[in-house]
Amino acid sequence: MEMLFGKTISLLSQVLDYHARRHETIVSNIANVDTPGYRAKDVVFEKELALRMGERGATADSLYENRIVARVMETKDPVNIDREMSRLAENTIKYNLGIELISRKLKTLRELAREVR
Amino acid sequence: MDFSGTLQISASGFEAQRRKIDVIVENLANMETNKTPGGGPYLRKVVLFSSEPLRGDFDSFFEEALHQVKVDGIRRDNNAVKESYKPGHPDADERGFVRFPDINAITEMADMIMAHRAYEASVTAFDATKNMVMKTLEMGK
């Protein structure tokens with residue numbers, strides 16, 4: 001796989017996975033906007049990534065080798081519907097971006113295969 | 001990603017809000033109903049929501065994280081009765097009072113608007129999920 005596609009596809013599929021999970025938690029928050037006692041949930045990843053990127057000697061490869069596992073955390077706050085709706089929109093755009101990048105990578109490979117023929 | 005689970009959560013959200021709106025409409029329609037088959041005036045109804053973990057084949061750490069909404073029940077507010085002095089009313093008691101439901105139209109309307117907004121939010125989330133699924137299917141075309 002890596003010979004042909006490099007790390008791009010595998011990395012992008014993880015990006016999609018992360019955004020898909022984040023989407024699930026946002027949807028769960030929105031559905032429970034009126035439920036008493038429900039606390040908003042969030043997937044923690046970006047903060048940890050920023051932390052790791054700040055470390056000395058961090059490279060794209062070292063970050064790739066020591067993957068960060070996205071975790072679902074329960075926050076202390078009740079659901080803020082405006083925040084959730086904007087996060088929903090933002091997350092959808094980022095997910096679509098991941099899809100677009102994979103599509104373009106595949107397109108490049110396809111064009112390449114056609115050129116060689 | 002288990003998209004059907006996500007869609008199910010959204011569906012539980014707007015289903016719950018729709019049932020809330022049904023009950024609010026019932027309350028508004030019965031504001032003046034002083035006789036019911038069970039006897040006594042109509043009693044205001046309140047919908048109770050609770051969240052329950054979504055059962056499915058999620059990864060272990062997502063099992064407890066995702067919650068769908070459950071309509072926990074519809075309760076009657078037994079104190080929502082007011083007495084009006086209407087001696088000419090056929091249902092008046094010996095003192096001339098009639099027992100009517102104590103329903104505040106403004107409270108009900110405000111609740112209805114809130115439920116409507118929450119319904120719309122869940123529908124938007126549902127649409128977003130649908131778009132993501134469609135995009136995924138188009139990948140590589």
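Here the structure is shown first, and the text comes after it.
Residues numbered from 1 in each chain as written. Chains lettered and ligands numbered in written order. Predicted model: local features only at pLDDT ≥ 70, side-chain atom pairs only at ≥ 80, totals over all residues. Heavy atoms only, no water.

**Q** I tried to follow the nonpolar core on my own but got confused; where do I start?
**A** What tends to happen in soluble globular proteins is that the nonpolar side chains get buried as a cluster. The biggest cluster of nonpolar side chains holds 16 residues, and the ones touching the most others in it are V27, I30 and L88 of chain A together with I9, F49, V69 and A125 of chain B. Of all elements in the fold, only α2 (8-31) of chain A together with α1 (3-29), β1 (45-53) and α3 (105-138) of chain B reach the threshold of two or more residues within this core. For this core, the element with the highest residue contribution is α2 of chain A, accounting for four residues. Those residues in contact with V27 of chain A that sit more than four places away from it in its chain are L88 of chain A together with T6, I9, S10, A125 and T129 of chain B. (Core = buried A, V, L, I, M, F, W, Y, C linked by side-chain atoms within 4.5 Å. Buried < 20%, exposed > 50% of the residue type's maximum accessible area, 1.4 Å probe, protein only. Helix = DSSP H or I, 4+ residues; strand = E, 2+ residues; numbered from the N terminus. Contact = heavy atoms within 4.5 Å.)

**Q** Help me out: how do you make sense of the interface of chain B and chain A in this one?
**A** Much of the literature gives interface size as the accessible area that the parts lose upon coming together. Every contact between the two is made by 35 residues of chain B and, on the other side, 33 residues of chain A. Between chain B and chain A lies a buried interface of about 2,700 Å² when both sides are counted; carbon and sulfur atoms form 68% of it. The tally of links between chain B and chain A comes to one salt bridge. Put simply, D34 of chain A and K20 of chain B hold a salt bridge, and the shortest N to O gap is 3.1 Å. Inspection of the chain B/chain A interface yields six residue pairs in polar contact (both at pLDDT 80 or more). In terms of residues, the side of chain B that touches chain A owes the most to one element, α3 of chain B, which gives ten residues. Within the side of chain B that touches chain A, the residues separate by chemical class into 16 nonpolar, 13 polar and six charged. (Buried area = accessible area lost by both parts, 1.4 Å probe. Salt bridge = Lys/Arg side-chain N within 4 Å of Asp/Glu carboxyl O. Polar contact = N/O pair within 3.5 Å; in protein donor to acceptor, adjacent residues only side chain to side chain. Nonpolar A, V, L, I, M, F, W, Y, C, P; charged D, E, K, R; others polar.)

**Q** Help me out: how do you make sense of the packing of helix α5 (residues 81-116) of chain A against α3 of chain B in this one?
**A** Helix-helix packing is described using two parameters, namely the angle between the two axes and the distance between the axes. It is the contact of α5 of chain A with α3 of chain B, at a shortest axis distance of 10 Å, that shows an interaxial angle of 5°. When the axes of α5 of chain A and α3 of chain B are compared, the pair comes out roughly parallel. Contacts between α5 of chain A and α3 of chain B pair I81, M85, L88, T92, Y95, N96, I99 and E100 of chain A from the former with A121, T124, A125, A128, M132, K135 and T136 of chain B from the latter. For the contact of α5 of chain A with α3 of chain B, the residue count by class is nine nonpolar, four polar and two charged. (Axes fitted to C-alpha atoms, helices over the stretch in contact; angles between N-to-C directions. Parallel < 35°, antiparallel > 145°, perpendicular 65-115°, else oblique.)

**Q** Is there a simple way to explain the packing of aromatic side chains in this structure?
**A** Each aromatic ring pair is specified by the distance between its two centres and by the angle formed by the two planes. For the structure shown, the criterion picks out three aromatic pairs over all chains. Through a chain of ring-to-ring contacts, three or more aromatic side chains come together here, namely F14, Y119 and F126 of chain B. (Phe/Tyr/Trp six-rings, centres within 6.5 Å; stacked < 30°, edge-to-face > 60°.)

**Q** Can you walk me through the environment of A58 of chain A in this structure?
**A** You can see A58 of chain A is positioned in the loop between α3 (46-54) and α4 (60-65). Expressed as a C-alpha distance, the spacing of A58 of chain A and S103 of chain A, which sit 45 residues apart in the sequence, is 29 Å.

**Q** Looking at this structure, I do not really get the pattern of salt bridges. What am I missing?
**A** Taken as a whole and judged by the stated rule, the model has 18 salt bridges over all chains. In this structure, E74 of chain A engages K41 of chain A in a salt bridge whose closest nitrogen and oxygen atoms are separated by 3.5 Å. Of this pair, E74 of chain A sits in strand β2 (residues 71-74) while K41 of chain A is found in strand β1 (residues 41-44), placing the two residues 33 residues apart along the sequence. Taking the relative accessible area as the measure of exposure, E74 of chain A reaches 53% and is therefore exposed. On the basis of relative accessible area, K41 of chain A is assigned to the buried category, the value being 5%. As a salt-bridge pair, K45 of chain B and E26 of chain B come within 2.6 Å of each other at their nearest N and O atoms.

**Q** What am I meant to see in the environment of I102 of chain A here?
**A** Within the secondary structure, I102 of chain A sits in helix α5. Put simply, I102 of chain A and S13 of chain A are 89 residues apart on the chain and 8.2 Å apart in space, counted from C-alpha to C-alpha. When sequence neighbours within four positions are dropped, the list of residues in contact with I102 of chain A reads I9, L12, S13 and L16 of chain A together with M139 of chain B.

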